[in-house]
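Structural features, examined
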Amino acid sequence: MAEYRPLADLIRPDSLSDVVGQAHILGEDGLLRRIIESGEVPNMIFYGPSGTGKTTVANIIAKKTNRVLHRLNATTAGIADIKAIIDELDTFLAPGGVLLYLDEIQYFNKKQQQSLLEFIETGKIILIASTTENPYFYVYNAILSRSTVFEFKQVPPQALEPAVERAIRLMGERNGLEPEAEEGVVQLVAEQCGGDVRKAINAVELLFSAGRRAGGKIRLLLEDAKQATQRSAMRYDRDGDTHFDVVSALMKSMRGSDPDAALHYLARLLEAGDLAGACRRILCSASEDIGLAYPQAASIVKSCVDSALQLGMPEARLPLAEAVILLATAPKSNTGCVAIDRAMADVRAGKAGPIPREMQNVHADGTGFEREQGYKYPHSYPNRWVKQQYLPDNLKNAVYYEYGDNKTEQAAKAYWDLIKGGE
């Protein structure tokens, strides 16, 4: 009985021209393509989501070199595995050196990564590492400085459709059946698999398992495709880059006054089960981006978040949607955020200085160490304001807060300009 091979492995391209997507680096004039075709392959780090061709390209590179290919996955490999590869160097087992494909390099600690340095520098090992996380955060500088980073991007649906069609054809040949796919099946699989070629091909394999067979034909139904690909487009890891990308996009969409985009990213967080993360970002945006232009937003959003947490999913989506739409459509001001950041920057820089006597607590008075405080109580003066120095001497002219150009802050500015006489 022949050994079963997953369709994703069977369909894996063996030439750069057949790789799906990545035209920005593998197109006719792409930098990575030209490097590979030159035969002089440097140490490289492939960065991008899973299922975008990183392993496939590494395999193609291995075939174009005269080096022995070793594959390690950093989630299970250790120093002993690296040592075994190093022991092969300069022997008949690896006369031309070793090409090491290290998958998920972010799971190697500093010591494990550094164990490769000496051999990378001498050229005895060519390292091709892949990672789904930002290498500038997870790969140590010594490795980064000796490597070229290439970003692999999600494959757009249009580029994925030919791979889905090819997978359907190969599955038909493997099973001796003529596939008949309902209209829209190919497009749905390509769209719903989140730019992940492997997921799309696995979905095709699942469709064949569930397909109805009759008279040498197999029907691939649209409804089956919907079920096979449900939630497949979700790329989410609460500890990884995707989490920070989604919450960043939510914040930036609310800040950018785009309610539709904000609702989209809220939906992605909620579908991934990250209710707490969504609430935190929405609360933050109320003060960071709307701020003094609409101060009531903070209390309204707090009420929505409290309701969401009490309700739980799926009902929590309702008050959170209200909060997101409110923030996205509200007037914007970051003057409060800028002001506190300026003040904290001075404090961190050591610009504190003694608190003026007028501002100090009077707890020492009556102990025999009294001295005139000189504090002027604003409520005792017209319009409940009097000019006096509040900041330390070395910061007495510092300005942290500047009025925004929205109606609320401009009204406050006009009020105080009138009282302070333009001071």
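We now turn to the structure provided with this report.

Conventions we followed
- Residues numbered from 1 in each chain as written.
- Predicted model: local features only at pLDDT ≥ 70, side-chain atom pairs only at ≥ 80, totals over all residues.
- Heavy atoms only, no water.
- Helix = DSSP H or I, 4+ residues; strand = E, 2+ residues; numbered from the N terminus.
- Expected span 1.5 Å × (residues − 1).
- Polar contact = N/O pair within 3.5 Å; in protein donor to acceptor, adjacent residues only side chain to side chain.
- Axes fitted to C-alpha atoms, helices over the stretch in contact; angles between N-to-C directions.
- Contact = heavy atoms within 4.5 Å.
- Buried < 20%, exposed > 50% of the residue type's maximum accessible area, 1.4 Å probe, protein only.
- Pairing = 2+ DSSP bridges.
- Salt bridge = Lys/Arg side-chain N within 4 Å of Asp/Glu carboxyl O.

**Side note on helix 20 (residues 407-420)**
Helix length check: helix 20, at 14 residues, gives a terminal C-alpha distance of 20 Å against a target of 20 Å (1.5 Å per residue), a fit within 8%. Two to three positions downstream of the cap, the backbone nitrogen of Thr-408 sits 3.3 Å from a side-chain oxygen, assigning the N-cap of helix 20 to Asn-406. Where helix 20 ends, the next residue or the one after it, Gly-421, has phi of about 65°, a positive value.

**Comments concerning the packing of helix 15 (residues 259-271) against helix 16 (residues 275-290)**
Their axes nearest at 7 Å, the elements helix 15 and helix 16 cross at an angle of 145°. For the pair helix 15 and helix 16, contact is made by Leu-266, Leu-269 and Leu-270 and by Leu-275, Ala-278 and Ile-282, respectively.

**Some words on the pairing of strand 8 (residues 217-220)**
By the alternation rule, side chains of strand 8 split into Ile-218 and Leu-220, which are all buried, and Lys-217 and Arg-219, of which none is buried. Pairing analysis gives four bridges linking strand 6 (residues 178-181) to strand 8, with the strands arranged parallel. Looking at strand 8, one finds that Glu-180 is bridged to Arg-219. Between strand 7 (residues 212-214) and strand 8, which pair antiparallel in sequence order, lie two residues; one of them, Gly-215, sits at a positive phi of approximately 60°.

**As for the pattern of salt bridges**
Tallied over the entire structure, the rule returns 14 salt bridges. Salt-bridge contacts for Asp-29 lead to Arg-34; the nearest nitrogen and oxygen are separated by 3.5 Å. What makes Arg-34 partly exposed here is its relative accessible area of 42%. Salt-bridge contacts for Glu-121 lead to Arg-146; the nearest nitrogen and oxygen are separated by 2.4 Å.

**Observations concerning the sheet that holds strand 5 (residues 148-151)**
With parallel pairing, the five strands of this open sheet are ordered in space as 2-3-4-1-5. Every other strand in the sheet has two partners, leaving strand 2 (68-73) and strand 5 as the edge strands with one partner each. Adjacent strand axes in the sheet meet at a mean angle of 15°, parallel and antiparallel pairs treated alike. In this sheet, strand 4 (residues 125-131) lies alongside strand 3 (residues 98-103) in parallel orientation, the contact comprising five bridges. Counterpart to Leu-102 in the pairing with strand 4 is Ala-129. Helix 5 (residues 79-88) rests against strand 2, strand 3 and strand 4 of the sheet, and its axis sits at about 170° to strand 2.

**A few points about the side chain of Asn-406**
Considering the arrangement of structural elements, one finds Asn-406 in the loop between helix 19 (335-348) and helix 20. Looking at Asn-406, its side chain comes within polar contact range of the main-chain nitrogen of Thr-408, at 3.3 Å. Ignoring sequence-local partners within four residues, the contact set of Asn-406 consists of Leu-292, Ala-293, Lys-332 and Ser-333.

**A word on the environment of Glu-402**
When you line up the elements, Glu-402 lands in the loop between helix 19 and helix 20. By relative accessible area, Glu-402 is classed as partly exposed at 46%. With residues near it in sequence (within four places) discarded, Glu-402 still touches Thr-335, Arg-342 and Glu-409.

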